[in-house]
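Examining the three-dimensional arrangement
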Amino acid sequence: MRHRTAALLFVLAVAGALLLAVAGAGAGDVSAASADMGRWATFAQPGYAPTNDEVSVGNDKLVVILALRQRNLAFLEERARAISDPLQPDYGMYFSRDEVNNIAGPAEEDVRIVKEFFEGTEGMVKFSKGRDLVRFVCSARCVEKTFGTKLEMQKSLAKPGTSPYRSASPIKLPEHVAAALDGVSLNAPIFMPKRPKQPTFPPWRYPAVHDIPVINPNLISGDQFLSLKFIVYCKDGKANKDMLDDGVCSSHGTEIVSIEILVLQHPMMQKVLVLPAIKDVLGQLVGDCGPGGSCVEFNATVGSIQNYASTTARIRAHFSDGSVSAFSDPTKIGSVFLLPYTTPAMLSKFYGIPMGEPVRNPRNIISVAEFEGQYYNPKDLEAFFKLMGVRSWDGEGRTQPQLIGPDKPVAGSVFGGEAQLDLQYIMALAPNVSTWFWSVPGTELATTQEPFLDWLMQVADTDDDKVPLVHSVSYGDDAAPMPAWFKNRVNQEFMKLALRGISILIAAGDDGASGARARLDPTACQQSNPEFPAESPWVTAVGGTQLARAATPVCQYSTDTVIISCQDEHEVVCSSSTGGGVTTGGGFSNGFERPWYQSGINGVVANYLRQSDSPVPDVEKWFYNTSGRAYPDISGISSNYLVWMGDHLEPTSGTSASTPLLAAMITRLNEDRLQQGMPPLGFINPLLYRLAERHPEVFNDVVIGDNRCSVKGCCETGFGAARGWDAATGHGSLNMPALRRLLRRGAVEEFALHPDLRFLVATPVPRATVLHSLLLAVPVVTAGVALLGLATFALQRRARSVRELFSSTSSLRAPLF
């Protein structure tokens, strides 16, 4: 009966395919006739206008990615939903690469048209394995000739990490070629000096004459300490030029014998120290006092100060005659927050990540995507492991990553900071994991963004038994200027990776709800400015938190008779206004609708929009799209990470830190599942939102803070944290021990799971019938007949391929479902 049913479906599929081919041909004619040729104008950078600062292009190699139109995307999206949703019987039944390509691949006619277009060109043409993306490498002059455009190159030296190339005219393509494409992405080379110089900052200039001490406003703070630099002024009002051994102000008459430091912490804490003016207590160096000449700058460090409080300082000088100067001006310096440093050991303890358990499954591979010329130094990675006590296990690709693409290690370079951070923490928190360093050079000219399509083409072409199961991407930009076709196509590629059981984690951004534009443009504060690709419905957007003691509202309670001071450390929203260094991104997409896993009148996003803990902004006064895809989905600590850079540790903050943290945690969960013969988690968003409904104990809820600030400065409006999901931290952070127990075999009995969540575990269940699965994905009869037959054979092949893919050793050959 089964074979006869399949044969019948095959006949129906052929008939349906013919109908779809006719319909598709008609649609193609309409598309070609009414193609939005304006999309090709996005080849020029937004706001670019030719000037006299351009020169003719040379023979640099440029990369052009052509995105051919795909087919059956609606069907594939329904399948991606079904295999990613733990409430569906097909949960975890992933597709192979070839199955995705066979269903989504472009029409043969479109492939032929594009091949003919490149005939006779001097460049190198490479089709992806699915033939839906084409990589064309050619000289700048060749690109001009092939695409009918005029490229220009700035005469002045480009800044490191940016491209000197500009595009002064739109692409001109034959109408039938344009009709076969979603769009064209040009990736120009970026300028990278052989050894990038570290940024230098001019010394702080003190006044030559003053009547009170002056503190350098650049206070340095750390874990329970505050360090400050200052100069003192003698009785005659002139800046001190005498070293400590000679006696401070000794050449001016009355000496200064001690420095009084007053440390002030909000709201009502203070600490007073009187330090003798001797070399064993104070540091000294030559300072800059402007035209008046040099002076002596002292520095002092005060320890045992309470963390998590807004902190500032004032100083005054004690003279040998018993007189005392006035305190320094408190309005001339800002405040800082003292925070503990983030290390692998600290993260392991806080989240319950088992650093002592090595990742052993050969299929459990993780990748960090790097752009903009970022690179890592292998020696720095080894030094970091040694310094942080990270144990090394033998094995190829386990103590050093596998390199995909270029890498130019320069010890301590600022252009390696992002890559160093990603690798050092991913490989420390998931020790022994096979890690790929996936470097993609160049910049996408039309959007001035990362060459995402070039990277996604490479990932999509990777064999099923080698493609990393988790990808950490710490990059993103303002979504508004990006062409719609570019965002839609990248989103489709993410969806196709979800079909293969691959997790993509994207940083939510470091400039709050109003985005990076708010750093320099106050008008950007007038609305929400979401980031892409964090706003994509098919990625897991990762927000940022920081530690604090006032992590619940009661910790801020104070009356005349009761003052509450909490001592336990918990997470709050990471914000530059509270010392986090950055402010986590978050909000609502303007280009993507709210996805199914966030929908429903009683869903977590709808609940957030009507909650009263931290009421959302009035959309009439501050625009955001309440029906758009909401992000982030999950968060993690993102402040004060210590990264080894050449010969020293540097603190850094950002959702680019919390993203590799969460990637390592997902890799840990995958390891548990693979060792038990279970499939990897794949696209985890539906699982996260289902768990939020029934098992909120797997999240550490964040209820304090907001994301109204950028890295520099604050807007008046943003999204606040609240109980449950919120647009600042998503579901909060992961409770790793609870989640590990919940996702393992046998968790149904221990956790008394809701029956709808039985598919989370590896208990064998009957495979869903083909007809039932297809009915979920077929909205119309004509398309349904064709897709029914296509999916029949795909599902039959997948039953074997999925088992083989995740059962590479005899110990993993137990049934997956």
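Our structure is the block above this text.
One structure accompanies this document, and this report is about it.

A few points about the pattern of salt bridges
A full pass over the atoms with the stated rule returns 28 salt bridges. Arg-205 serves as the salt-bridge partner of Asp-288, at 3.4 Å between the closest nitrogen and oxygen. Separated by 83 residues along the polypeptide, Asp-288 in strand β13 (residues 283-288) and Arg-205 in the loop between β7 (181-188) and β8 (214-215) bring together distant segments of the chain. Residue Asp-288 is classed as partly exposed on the basis of its relative accessible area, which comes to 22%. The exposure class assigned to Arg-205 is exposed, which follows from its relative accessible area of 53%. Put simply, Glu-260 and Arg-316 hold a salt bridge, and the shortest N to O gap is 2.7 Å. On the criterion of sequence distance, the pair formed by Glu-260 in strand β11 (residues 256-265) and Arg-316 in strand β15 (residues 310-319) is long-range, its members being 56 residues apart. Here Arg-316 falls in the partly exposed class, since its relative accessible area comes to 25%. Counted as one network, the salt bridges with shared partners bring together Asp-132, Asp-182, Arg-489, Glu-493 and Lys-496.

A look at helix α10 (residues 452-461)
In terms of burial, α10 is a largely internal element, 9 of the 10 residues being buried. For α10, the set of buried residues is Phe-452, Leu-453, Asp-454, Trp-455, Leu-456, Met-457, Val-459, Ala-460 and Asp-461.

Remarks on the packing of aromatic side chains
In the structure shown here, the tally under the stated rule is 28 aromatic pairs. Centroid distance Phe-136 to Phe-147: 6.1 Å. Interplanar angle 70 degrees. Geometry classified as edge-to-face. Here Phe-147 lies in helix α5 (residues 140-147) and Phe-136 lies in strand β4 (residues 133-139), a separation of 11 residues in the sequence. Like Phe-147, Phe-136 is buried. Members of the aromatic cluster, connected to one another through ring pairs, are Phe-588, Tyr-608, Trp-622, Tyr-624, Phe-719 and Trp-725. A cation over an aromatic ring shows up here: Lys-115 above the ring of Phe-127, its NZ or CZ 5.6 Å from the ring centre.

Section: helix α13 (residues 655-675)
Each turn of an α-helix holds 3.6 residues, which means side chains three or four residues apart point in the same direction. For α13, with 21 residues, the first-to-last C-alpha span of 30 Å sits near the 30 Å given by 1.5 Å per residue. The buried fraction of α13 is high, at 20 of 21 residues. In the segment just after α13, Gly-677 is the residue with positive phi, at about 75 degrees.

Observations concerning the pairing of β15
When you tally the buried positions in β15, you get 8 out of 10 residues, the bulk of the element. Alignment of β11 against β15, held across 9 bridges, turns out to be antiparallel. Bridged to Ser-258 within β15 is His-318. Looking at chain direction, β15 and strand β16 (residues 336-337) are connected through 2 bridges and run antiparallel. From the neighbouring strand, Thr-311 faces β16, where its bridge partner is Val-336.

Observations regarding the state of the cysteines
Overall, the coordinates contain 6 disulfides when judged by the stated rule. Covalent S-S linkage joins Cys-555 and Cys-566, the inter-sulfur distance amounting to 2.0 Å. With the S-S bond torsion at -95 degrees, the cross-link from Cys-555 to Cys-566 turns out left-handed. Within this pair, whereas Cys-555 is found in the loop between β25 (540-548) and β26 (570-573), its partner Cys-566 is found in the loop between β25 and β26, the two being separated by 11 residues in sequence. Judged by relative accessible area, which is 11%, Cys-555 ranks as buried.

Concerning the nonpolar core
By size, the foremost hydrophobic cluster in this structure holds 137 residues, and its most contacted members are Leu-347, Trp-455, Phe-494, Leu-661 and Leu-734. Per-element accounting of this core gives the leading share, 9 residues, to α13. Once residues within four sequence positions are removed from consideration, Phe-494 is found in contact with Trp-455, Leu-456, Ile-504, Ile-506, Pro-533, Ser-536, Trp-538 and Val-539. Judged by nonpolar contacts, the second largest core, of 29 residues, contains Leu-226, Phe-298, Ala-317 and Ile-333.

Some words on the environment of Cys-289
One can find Cys-289 in the loop between β13 and β14 (294-303). Sequence-distant contacts of Cys-289, defined by excluding residues within four places in its chain, comprise Arg-205, Tyr-206, Pro-207, Ala-208, Ile-231, Ala-239 and Cys-295.

Notes on unusual backbone geometry
Residues Phe-532 and Pro-533 are joined by a peptide bond in cis, for which omega reads 10 degrees. Mapping Pro-533 onto the fold places it in the loop between β24 (531-532) and β25. Along the chain, Tyr-631 connects to Pro-632 via a cis peptide bond; the corresponding omega equals 5 degrees. Tracing the sequence through the fold places Pro-632 in the loop between β28 (628-631) and β29 (634-637). Its identity as a non-glycine residue notwithstanding, Gln-224 has a phi of 65 degrees, on the positive side. Tracing the sequence through the fold places Gln-224 in the loop between β9 (220-222) and β10 (225-231).

Here's the deal with the pairing of β7
The side chains of a regular strand alternate between both faces of the sheet. Extensive coverage of β7 is indicated by the burial of 7 of its 8 residues. Relative to β7, strand β2 (residues 61-68) runs antiparallel, the two sharing 6 bridges. Note on β7: the bridge partner recorded for Leu-66 is Val-184. Looking at chain direction, β7 and strand β20 (residues 443-444) are connected through 2 bridges and run antiparallel. Among the inter-strand pairings, Ala-188 is bridged to a residue of β20, identified as Thr-443.

As for the sheet that holds β7
One open sheet accounts for 5 strands, arranged β3-β4-β2-β7-β20; its pairing is antiparallel. Only two strands of the sheet have a single partner each, and these edge strands are β3 (124-127) and β20. Relative to β4, β3 runs antiparallel, the two sharing 4 bridges. The partner of Phe-127 across the bridge, within β4, is Val-134. Here α10 sits on the sheet and contacts β2, β3, β4 and β7; the angle it forms with β4, its principal contact strand, is near 125 degrees. Across the face of the sheet, helix α11 (residues 484-499) comes into contact with β2, β4, β7 and β20 while running at roughly 95 degrees to β7.

Points about the packing of helix α9 (residues 417-429) against α13
Running from N to C, α9 and α13 cross one another at 30 degrees; their axes reach a closest spacing of 9 Å. With respect to α13, the element α9 is oriented roughly parallel. At the point where α9 passes α13, the crossing takes the right-handed sense. Taking contact as the criterion, the partners of Glu-418, Leu-421, Asp-422, Ile-426 and Leu-429 in α9 are, on α13, Ser-656, Ala-657, Pro-660, Leu-661, Ala-663, Ala-664 and Arg-668. Residue composition of the contact of α9 with α13, by class: 8 nonpolar, 1 polar and 3 charged.

Reading guide: rules and limits
- Residues numbered from 1 in each chain as written.
- Predicted model: local features only at pLDDT ≥ 70, side-chain atom pairs only at ≥ 80, totals over all residues.
- Heavy atoms only, no water.
- Salt bridge = Lys/Arg side-chain N within 4 Å of Asp/Glu carboxyl O.
- Helix = DSSP H or I, 4+ residues; strand = E, 2+ residues; numbered from the N terminus.
- Buried < 20%, exposed > 50% of the residue type's maximum accessible area, 1.4 Å probe, protein only.
- Phe/Tyr/Trp six-rings, centres within 6.5 Å; stacked < 30°, edge-to-face > 60°.
- Lys NZ or Arg CZ within 6 Å of the ring centre and 35° of its normal.
- Expected span 1.5 Å × (residues − 1).
- Pairing = 2+ DSSP bridges.
- Disulfide = S-S within 2.5 Å.
- Core = buried A, V, L, I, M, F, W, Y, C linked by side-chain atoms within 4.5 Å.
- Contact = heavy atoms within 4.5 Å.
- Axes fitted to C-alpha atoms, helices over the stretch in contact; angles between N-to-C directions.
- Parallel < 35°, antiparallel > 145°, perpendicular 65-115°, else oblique.
- Left-handed = near helix turned anticlockwise from the far one by under 90°.
- Nonpolar A, V, L, I, M, F, W, Y, C, P; charged D, E, K, R; others polar.

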